[in-house]
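Each chain, letter by letter, is given below.
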Amino acid sequence: MKETGAITGVSVAHSRATVDEIEAAGGDGVRATVSDLLARDGVEEAFALQTCNRSEAYVVTDRTVDGAVALESFAPEVRGGAVRRLDHEESLEHLMRVASGLESLVLGEDQIIGQLREAYEESKSAGGIGPVLKDGVTKALHVGERARNETSINEGVVSLGSAAVRLAAGEIDLTDGSAVVVGAGEMGTLAARTLDDTPVSEIVVANRTVPNAAFVAEEVDTPAEAVSLADLSTVVADADLVIAATGSPDPVIRPKHAAGADRLVCIDIAQPRDVDPALADRDGVTLYDIDALEDVTRKTRESRETEAREVEAIIDDELDRILEAYKRKRADDAISAMYAGADRVKAREVDRAVSKLEAQGDLTDEQRETVEDLADALVGQLLAAPTRSLRDAAGEDDWETIRTALQLFDPEFDTLPDGPGGSNAGRDAAPGNAESTPDSVTEELDD
């Protein structure tokens with residue numbers, strides 16, 4: 001597999017898309033998406049990331065146009081405004097931002113780095129990870145770890161959903177308890193994720209659209225089920241905690257839903273209200289609204305925004321490093337092809353010259369060495385300038401020059417015609433062997 005190529009990406013995420021659009025772009029899972037992309041023309045590597053808040057795919061191709069064409073099928077039914085398309089550099093930077101939590105609903109949240117690592121392993125199992133994506137994704141994971149180790153981006157409570165869970169944990173013992181999340185949107189998803197880190201034994205996700213509730217339920221490790229809003233009377237009465245976060249214009253939880261409740265904490269984080277205020281009049285029910293949580297989250301959000309700027313500085317530094325490494329590999333690929341082809345020509349012509357000289361009389365070892373040294377010197381001097389030009393082209397992002405060089409030198413530029421139809425000799429040579437570059441030329445250029 002080639003060690004160079006351009007990454008093309010596509011993202012359908014919460015910042016632009018609805019839950020339904022994210023689900024539509026997700027397809028049949030990471031492995032199926034990767035397998036489908038690998039079957040498309042020009043695709044050498046593929047990676048997919050799918051969570052309840054984002055569906056993304058990345059491919060590696062020699063030509064960026066092939067990458068764009070391959071990804072056209074990723075989200076065909078999603079409106080254009082919900083789809084973000086990424087070129088090579090944007091893809092690398094976006095993956096770093098995702099791993100760092102800068103693209104998450106909750107700034108700096110930790111769960112995404114585990115999801116990214118799992119997606120990498122799944123994509124690898126499907127045969128999608130090669131040298132380019134390995135470097136890109138592992139670099140993103142490294143940046144995510146740096147962000148959390150070197151800054152405080154993930155400290156404190158920043159979302160209403162996580163604040164609601166923390167508030168509830170201070171009011172009641174959640175051990176082996178039952179929690180109901182009403183709503184499968186952004187806040188409901190965050191509440192379910194936060195509950196997943198508590199000792200509750202069951203999470204119920206209630207939503208008008210049950211498939212959306214099921215999507216959220218599948219995101220948590222705690223035993224969870226999805227139900228319709230029509231089942232609220234059954235699940236609320238048996239719950240210890242209810243967190244309401246729908247987008248309904250009218251209350252969806254009324255006093256009748258809590259009939260029979262013994263000890264219930266109900267937290268309404270919806271705007272407008274999801275819970276009828278009259279519910280607070282019932283014995284055994286404690287009701288909190290969004291105003292009780294705003295102060296909890298405001299200071300942490302401000303703190304994380306300050307930390308985010310430090311994370312962005314880390315990303316800028318790491319992005320420069322990986323882009324420079326990519327440029328070197330791209331240039332070295334062309335340079336290696338050029339020297340490998342020239343070495344094949346040199347070896348063939350030296351053999352011919354030596355054969356002719358030997359036909360005229362015996363050659364000494366010193367004379368043979370002189371012929372070979374002459375050939376080496378010619379190759380080194382003739383290719384020194386093109387080598388320098390290719391490295392300059394890489395430094396200036398002139399990929400067209402490098403692509404042209406690869407087409408010229410890989411793998412048949414040294415093929416000589418044997419007759420009317422020509423010859424394919426040399427097709428099985430290995431142009432990627434960087435060791436064929438003479439040391440003297442390398443040292444001169446490195447100076």
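Residues numbered from 1 in each chain as written. Predicted model: local features only at pLDDT ≥ 70, side-chain atom pairs only at ≥ 80, totals over all residues. Heavy atoms only, no water.

**Some remarks on the overall build of the protein**
The line we're drawing: Runs of H or I in DSSP of at least four residues are treated as helices and runs of E of at least two as strands, each being numbered from the N terminus. Think of it in three bands: residues with accessible area under 20% of the maximum for their type are buried, residues over 50% are exposed, and the middle band is partly exposed, with areas taken using a 1.4 Å probe on protein chains only. Note on definitions: a residue-residue contact is assigned when non-hydrogen atoms from the two residues lie within 4.5 Å. Per-residue accessibility takes into account occlusion by the displayed protein chains alone, with areas from the Shrake-Rupley method and a 1.4 Å probe.
When helices and strands are counted, the protein shows 14 helices and 10 strands. Counting every position in the protein, which comprises 447 residues, the buried fraction comes to 48%. Restricting to contacts in the protein with at least 6 residues of sequence separation, those with at least 24 account for 71%. Just so you have it, the protein exposes about 21200 Å², and 46% of that area is on carbon and sulfur atoms.

**Quick word on the sheet that holds strand 5 (residues 178–182)**
Rules: By this definition, two strands are paired if DSSP reports at least two bridges between them. As a rule, the C-alpha atoms of each element are fitted with a line to give its axis, helices using only the stretch in contact, and angles between N-to-C directions run from 0 to 180 degrees.
Here six strands make up an open sheet; going across it, the order is 7-6-5-8-9-10 and the pairing parallel. If you trace the sheet from one side to the other, it starts and ends with strand 7 (224–228) and strand 10 (285–288), each paired once. Strand-to-strand, the axes of this sheet are offset by a mean angle of 15°, without reference to chain direction. Inspection of the sheet shows strand 5 paired to strand 8 (residues 241–244) by four bridges, in the parallel sense.

**What about the sheet that holds strand 2 (residues 45–51)?**
Strand order in the open sheet made by the four strands is 2-3-1-4, with antiparallel pairing throughout. Pairing within the sheet leaves two strands with one partner each, and these edge strands are strand 2 and strand 4 (84–86). For this sheet, the mean angle separating the axes of adjacent strands, direction not counted, is 10°. Looking at chain direction, strand 1 (residues 6–13) and strand 4 are connected through three bridges and run antiparallel. If you follow Val10 over to strand 4, its bridge partner there is Arg85.

**A few points about unusual backbone geometry**
Most peptide bonds take the trans configuration, and most residues that are not glycine carry a negative phi. The peptide bond linking Gln271 to Pro272 adopts the cis configuration, its omega dihedral lying at 5°. Tracing the backbone shows Pro272 in the loop between strand 9 (264–268) and strand 10. Positive phi values are uncommon outside glycine, yet Asp176 reaches one of about 60°. Structurally, Asp176 can be placed in the loop between helix 7 (160–171) and strand 5.

**Some details on the pattern of salt bridges**
The test is simple: Each salt bridge in this description consists of a side-chain nitrogen of Lys or Arg and a carboxyl oxygen of Asp or Glu lying within 4 Å of one another.
Enumeration over the complete set of coordinates arrives at 21 salt bridges. Among the ionic contacts, a cluster of salt bridges with common partners joins Lys139, Arg146, Glu150, Asp317, Glu318 and Arg321.

**A word on helix 6 (residues 131–150)**
Our working definition: One fewer than the residue count of a helix, multiplied by 1.5 Å, yields its expected span.
Here helix 6 contains 20 residues, and its C-alpha end-to-end distance of 28 Å stays within 8% of the 28 Å for a straight helix at 1.5 Å per residue. Within helix 6, burial applies to Val132, Leu133, Gly136, Val137, Lys139, Ala140, Leu141, Val143, Gly144, Arg146, Ala147 and Arg148.

**Quick word on the nonpolar core**
Heads up, the condition is: Put simply, buried Ala, Val, Leu, Ile, Met, Phe, Trp, Tyr and Cys residues joined by side-chain atoms within 4.5 Å make one nonpolar core.
Membership of the largest hydrophobic core comes to 34 residues, with the highest contact counts inside it found for Phe47 and Leu116. Mapped by element, the contributors of at least two residues to this core are strand 2, strand 3 (54–61), helix 4 (88–100), helix 5 (111–125), helix 6 and helix 11 (291–359). In this structure, Phe47 is in contact with Val34, Glu56, Ala57, Tyr58, Leu95, Leu116, Ala119, Tyr120, Ser123, Ile129, Leu133 and Val137, ignoring residues within four places of it in sequence. Counting residues in hydrophobic clusters, the runner-up holds 30 residues, among them Ala179, Ala191, Ala245 and Leu293.

**Notes on the side chain of Thr8**
Relative to the helices and strands, Thr8 resides in strand 1. Overall, the relative accessible area of 10% leaves Thr8 in the buried class. Excluding its chain neighbours within four sequence positions, the residues that come into contact with Thr8 are Ala57, Tyr58, Val59, Thr64, Gly67, Ala68, Leu71, Leu86 and Ser91.

**Section: the side chain of Arg193**
Topologically, Arg193 is positioned in helix 8 (residues 186–195). With sequence-adjacent residues up to four places away left out, Arg193 is seen in contact with Thr51, Cys52, Asn53, Glu109, Gln111, Gln115, Glu219 and Val220.

**Quick word on a nonpolar patch on the surface**
Rules: What goes into a patch is any residue over 30% in relative accessible area without a salt bridge, connected to like charges within 9 Å or, for nonpolar side chains (Val, Leu, Ile, Met, Phe, Trp, Tyr), within 5 Å.
A cluster of nonpolar side chains, namely Leu374, Leu378 and Leu382, defines an oily patch on the protein surface of about 330 Å² accessible area. Within the element layout of this structure, Leu374 appears in helix 12 (residues 365–395). Taking relative accessible area as the criterion, Leu374 reaches 52% and is therefore assigned exposed.

**Brief notes about a negative patch on the surface**
Selection rule: Neither His nor the chain ends contribute to the count of charged residues, in which Lys and Arg are positive and Asp and Glu negative. To locate a charge, the coordinates of NZ of Lys, CZ of Arg, CG of Asp or CD of Glu are taken.
A cluster of acidic residues, Asp351, Asp365, Glu366, Glu369, Glu372 and Asp373, forms a negative patch on the protein surface. Per-element tally for the negative patch: the top contributor is helix 12, with five residues. Looking at the element boundaries, Glu366 is found in helix 12. A residue is classified by how much of its surface remains accessible, and Glu366, at 57% relative accessible area, is exposed.

**Let's talk about the pairing of strand 7**
Our working definition: A clockwise course of the path from the first strand over the helix to the second, judged with the strands pointing away from the viewer, identifies a crossover as right-handed.
Two strands pair when backbone bridges link them, and strand 6 (residues 202–207) and strand 7 are joined in this way by five bridges, in the parallel orientation. Within the sheet, the bridge partner assigned to Val204 lies in strand 7 and is Glu225. Taken together, strand 6, helix 9 (residues 210–217) and strand 7 constitute a β-α-β crossover, and its handedness is right-handed.

**Brief notes about the packing of helix 4 against helix 6**
What counts, and what does not: An angle counts as roughly parallel when it lies under 35 degrees, as roughly antiparallel when it exceeds 145, as roughly perpendicular when it falls between 65 and 115, and as oblique in every other case. When the near helix sits turned anticlockwise from the far one by under a right angle, the crossing is termed left-handed; a clockwise turn instead gives a right-handed crossing. Only Asp, Glu, Lys and Arg are considered charged in this grouping, and only Ala, Val, Leu, Ile, Met, Phe, Trp, Tyr, Cys and Pro are considered nonpolar; every other residue, Gly among them, is considered polar.
Where helix 4 contacts helix 6, the axes come no closer than 8 Å and their chain directions differ by 40°. As far as their axial angle goes, helix 6 and helix 4 are oblique. Classified by chirality, the crossing of helix 6 by helix 4 is right-handed. Together, Leu92, Leu95, Met96, Ala99 and Ser100 of helix 4 and Gly136, Val137, Lys139, Ala140, Leu141, Val143, Gly144, Ala147 and Arg148 of helix 6 make up the contact between the two elements. Residue composition of the contact of helix 4 with helix 6, by class: nine nonpolar, three polar and two charged.

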